[in-house]
Each structure stands twice: as structure tokens, then as C-alpha cells.
Amino acid sequence: MRTLIRWLGSLTILMSFILVGCSDSGDDSANKEANTQQESSSSSSDSAAKSSDTVTWRFALEEIEGSVQDAYAKEFKKEVEKASDGSIKIDIYPYGSLGTSSQLTELVQQGAVELAFASPGHLASVIPEVGVFTLHFVLSDDNDVNKEVLSSDKVHDLFADRYNSQGLELLSIVPEGWMTWTGTKALKTPADFEDFKMRTMTSPILTESYKAYGANPTPMPYSEVYSGLQLKQIDGQVNPIFAIEEMSFYEVQDVMTIAHHAQFISTVIAGKDWYDGLPDDQRKILDDARDNLVDYIYKKQEEFNQKRLDKIKESSDIKIVTLTDEEREAFRKASMPVRDIYIKEAGDRGKKILDTITSMVKEKEGQMEQGE
Ligand code: 6CS
């Protein structure tokens, strides 16, 4: 863990230079082409043509090997390489080899990597509308409902042009499991958060959710959380259980509180120019793999979170507290004013997004109850 943190700083700088190195010549578009189509003779002007030579797509992760994002990328690689008969090769860069989440988004914008994960908890600093996924008690307690809503074209289309305006293509919205609080104590009521130094991801709208509980939110990159907890710079953090296990946060915390207040959501992004310039056959392979992965990743994240919870229980004596419905209700109430702050930040479009998602969730829950 500590090795990962130490390496991150130096590797980030080194790899960023290697990946974008060519772009210092001044001819940015030519260098992008050189970067993204290194081994290919096809170019973006051939977009309708069928490509035949080998190309490499680089896929950067916000998480380490063995994570949900890693499982997604490996399955994506398998599908794409098979469907293209090996003419498209996927290189996966796990967290620690390139940079922080925000830096990965920048690398996609620069054309230095083609594909990446971008979690709203960080990305909302750039696209405020995605901050909706950091609000509490918006999605359903039933993940089958969330799957239907989040993978729908309707929800994708709400965000598509916001990503485009940042030079990005939104490919998929991927849930990774219930956010779970860890801390130096149990967090059973909003009062327990009073002055509690809670590490959050870096977007301002996310910090508002914890201010609403009276906490002292402390944004920091993922790679600094373990040492922050160990050195008592922060009292707690929030992440899905698989991450709490693989990043070893449970080793330096006393209590895990399960409130089911929000899902951890990430998004898969590509560079817009790169995506638009893909030959039709390659774009179809990418889109098909993305569509096929919806069921796969829902099942995988559930399996990962369950198995890692068992592992935490076996290998530590961390206390695990699950909130009752009444206890959750107090948090739900306290979280409601944050929706107004979100709407202020994300404007009319944000309001439309929030209203659409909440009404779709309600509608799907109704349909599921009636067995439709
Ligand atoms: O807490 C974070 O910053 C990170 N957590 C996860 C589970 N994935 C990526 C994200 O950057």
C-alpha cells in the first residue's frame, strides 16, 4: 500500500511525459494521431472505412488491479480483442501507473489515453451535473432498479452533451456497490458526524453532503487516504467495501457503518475526437462491448463486495454496524437540502437530471413491485 503511494507521484510524472511526450512538437493533431493510431494506417478521415491494421487503445483506471474497474477493463479487453480478431489491442493502466482521477480525465482530454474511468466524485468539479450521483438517497435500495435506470438511453442522453462540451464521450455509467463509512467510531446519527474529519473525493458538491451532517469534509486523492487515516489527519472515509478491503483502509479504522445512503458510481469515458474519428467497424466493436458489459459488471461488483466483506471479517476485528430504517431516515432528512445546493451549482439542467432520475427510480420501483 505504502509502496503504491510512493510510486504514484513519480510514475505519474514519468508516464505522463511518455504518453504525451510527442505533443511538444507543436503539431498537436498529428501527435494525437501518432499516439492513438501508433500501429495503424487508418486515420480519422477514413471513419466510414473498415480498418484492417492493428491499433492499441489505452484504458486508464482509477483503481488498482483486482478492483471492480480492473474486472471491467479486463472483460472489455477480452470482448474487443476477440470481436476484432486481435486487430484492436487494449492496454490497461491500473491506478498508480498514470495519475489521480482528475489527471486521468485530463489525459483523455489531451488524447494521451483513449479510454478511462471518471468517477463523478471527482469529475463533478469539471461537469457539475454529474454531481447528482454523489447526492444521498437518490437511487433505489434495489440495485435491479438502478441498473435499469442507469443503463437507459434516457439517462445517458441527459449527460452526453455535458461530457462532449469537455471533449469527452460518455460510454457507460457503472455502479460499483454501496458506499460504506469507516471511522474511528460508529456513525449512527448525523450528530455522530459533528466535526468528524471525513475524507471525500474532490468535487465540491460531494463535500456539501457531509457538511449537511455537520462533518468536516476533507477532500483528497485516493492514494493519500491510507496514510491520512494512519496519521490521523482524517477520522474516516467512505468507499464501497471492495475498495475498503483492497486499499487496506479497514486495517486503520475501528468501525464500518453501512447506511446504504448512496451507490459508488463511476463513468467510462473516451476522448470525443478519438471516438468520433474511429472507423465504423471499430466504433461498433466498442459500443457492443460496452453494452454487453452492463449485466457482467452489476453481477461482478455484487460478488466482489460480498467476498471482500467476508475477507474483512475474517482478517480483522473491525466492528460492523448496519443502520436501521429509522436511523437511515434521519440521514435522508438531513441530506435533502443538499439537493438545492446541487441545483444551484448545476442549474436548470441539473434540476432536470435530478427530477428525471428520481421519477424514473420511483416508476421502476413501482413496476418491480408489481412484477412487471
Ligand atoms: O475514493 C476514491 O477516490 C476512489 N474510490 C473508488 C472506489 N474508485 C475510484 C475513486 O477515485
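Residues numbered from 1 in each chain as written. Predicted model: local features only at pLDDT ≥ 70, side-chain atom pairs only at ≥ 80, totals over all residues. Heavy atoms only, no water.

J.: Quick rundown of the site of the ligand? Include the residues and the values.
T.: The environment of the ligand is made up of E62, E63, S101, H122, R199, M201, Y222, N239, P240, A243 and F264. Side-chain polar atom of E63 to a nitrogen atom of the ligand: 2.7 Å apart, as the coordinates give it. Between the ligand and R199 there is a distance of 2.7 Å, counted from an oxygen atom to a side-chain nitrogen or oxygen. Considering the ligand on its own, with 300 Å² of exposed area, one finds that the protein chains cover 100% of that surface. (Near = heavy atom within 4 Å. Polar contact = N/O pair within 3.5 Å; in protein donor to acceptor, adjacent residues only side chain to side chain. Areas by Shrake-Rupley, 256 points an atom, 1.4 Å probe, with all protein chains shown as cover.)

J.: I'd like a rundown of the pairing of strand β5 (residues 197–200), residues and numbers included.
T.: As paired elements, β5 and strand β6 (residues 216–219) share 4 bridges and run parallel to each other. Looking across to β6, one finds that R199 is bridged to T218. Between the parallel elements β5 and β6, the chain passes through helix α8 (residues 204–211) in a crossover that is right-handed. (Pairing = 2+ DSSP bridges. Helix = DSSP H or I, 4+ residues; strand = E, 2+ residues; numbered from the N terminus. Right-handed = clockwise from strand over helix to strand, strands pointing away.)

J.: So what's going on with the side chain of E245? Residues and values would help.
T.: Mapped onto the elements of the fold, E245 is located in helix α10 (residues 241–246). A relative accessible area of 9% means that E245 is categorised as buried. E245 has contacts with Y250, R308, K311 and I312, leaving out every residue within four places of it along the chain. (Buried < 20%, exposed > 50% of the residue type's maximum accessible area, 1.4 Å probe, protein only. Contact = heavy atoms within 4.5 Å.)

J.: Could you give me a rundown of the nonpolar core, with the residues and numbers involved?
T.: Membership of the largest hydrophobic core comes to 89 residues, with the highest contact counts inside it found for W57, F59, F76, F159 and I357. No other element matches the 10 residues that helix α12 (residues 280–315) contributes to this core. Excluding residues that lie within four positions of it along the chain, F159 makes contacts with E129, V130, V132, F133, L170, I173, I353 and I357. Residues L187, L206, Y213 and V255 belong to the second largest nonpolar core, which totals 19 residues. (Core = buried A, V, L, I, M, F, W, Y, C linked by side-chain atoms within 4.5 Å.)

J.: Lay out the packing of aromatic side chains with the relevant residues and their values.
T.: What the rule picks out here adds up to 17 aromatic pairs. With 5.0 Å between their ring centres and 55° between their planes, W181 and F331 make a pair best called tilted. Note that W181 is positioned in strand β4 (residues 168–183) and F331 in helix α13 (residues 325–335), a separation of 150 residues in sequence. Here W181 matches F331 in class, with each residue buried. Between the aromatic rings of Y213 and F331, the centroid separation amounts to 5.0 Å while the plane-to-plane angle is 80°, which identifies the pairing as edge-to-face. Of this pair, Y213 sits in the loop between α8 and β6 while F331 sits in helix α13; the two residues are 118 residues apart in sequence, bridging distant segments of the chain. (Phe/Tyr/Trp six-rings, centres within 6.5 Å; stacked < 30°, edge-to-face > 60°.)

J.: For the pattern of salt bridges, give the residues involved together with the corresponding values.
T.: Counting across every chain of the model gives 26 salt bridges. We note a salt bridge from R349 to E129, for which the minimum N-O separation is 3.8 Å. Of this pair, R349 sits in helix α14 (residues 337–369) while E129 sits in the loop between α5 (120–123) and α6 (143–150), placing them 220 residues apart in sequence. Look at the salt bridges and you will find they share partners, linking E129, D161, R162 and R349 into a network. (Salt bridge = Lys/Arg side-chain N within 4 Å of Asp/Glu carboxyl O.)

J.: Account for the environment of L354, with residues named and values stated.
T.: In this structure, L354 sits in helix α14. By relative accessible area, which is 5% here, L354 ends up buried. Along the backbone, L354 and E129 are 225 residues apart, and their C-alpha atoms lie at a distance of 8.9 Å. The residues contacting L354, other than those within four sequence positions of it, are V132, L135, V138, R339, Y342 and I343.

J.: Tell me what's going on with the packing of helix α7 (residues 153–164) against α14, and back it up with residues and numbers.
T.: Pairs of packed helices are described in terms of their axes, by the angle between the two and the distance that separates them. Direction vectors running N to C along α7 and α14 enclose 165°, while the axes themselves pass 10 Å from each other. Relative to α14, α7 is oriented roughly antiparallel. Crossing handedness for the pair α7 and α14: left-handed. Side by side, α7 and α14 meet where K154, V155, L158, F159, D161 and R162 of the first sit next to R349, K352, I353, T356, I357 and M360 of the second. Looking at the contact of α7 with α14, its residues break down into 6 nonpolar, 1 polar and 5 charged. (Axes fitted to C-alpha atoms, helices over the stretch in contact; angles between N-to-C directions. Parallel < 35°, antiparallel > 145°, perpendicular 65-115°, else oblique. Left-handed = near helix turned anticlockwise from the far one by under 90°. Nonpolar A, V, L, I, M, F, W, Y, C, P; charged D, E, K, R; others polar.)

J.: Tell me about the side chain of S152, and please be specific about residues and values.
T.: Its place among the elements puts S152 in the loop between α6 and α7. The class of S152 is buried, set by a relative accessible area of 14%. A polar side-chain atom of S152 sits 3.2 Å from the main-chain amide nitrogen of V155.

J.: Describe the packing of α8 against α14, and please don't skip the residues or the numbers.
T.: Interhelical geometry of α8 versus α14 gives an angle of 160° and a closest axis separation of 9 Å. Taken together, α8 and α14 sit at an angle that is classed as roughly antiparallel. For the pair α8 and α14, the sense of crossing is right-handed. Touching I205, E208 and S209 of α8 are V338, I341, Y342 and E345, all from α14.

J.: I'd love a proper account of α6, names of residues and values included.
T.: Note that an α-helix has 3.6 residues per turn; residues three or four places apart therefore point the same way. For α6, every residue scored as buried is listed here: N143, V145, N146, V149 and L150. One side of α6 carries all its buried residues, which in axial view fall inside an arc of 145°. Between the side-chain oxygen of the N-cap and the backbone nitrogen of D144 there are 2.9 Å, and the N-cap of α6 in question is D142. (Arc of directions from axis to C-beta.)

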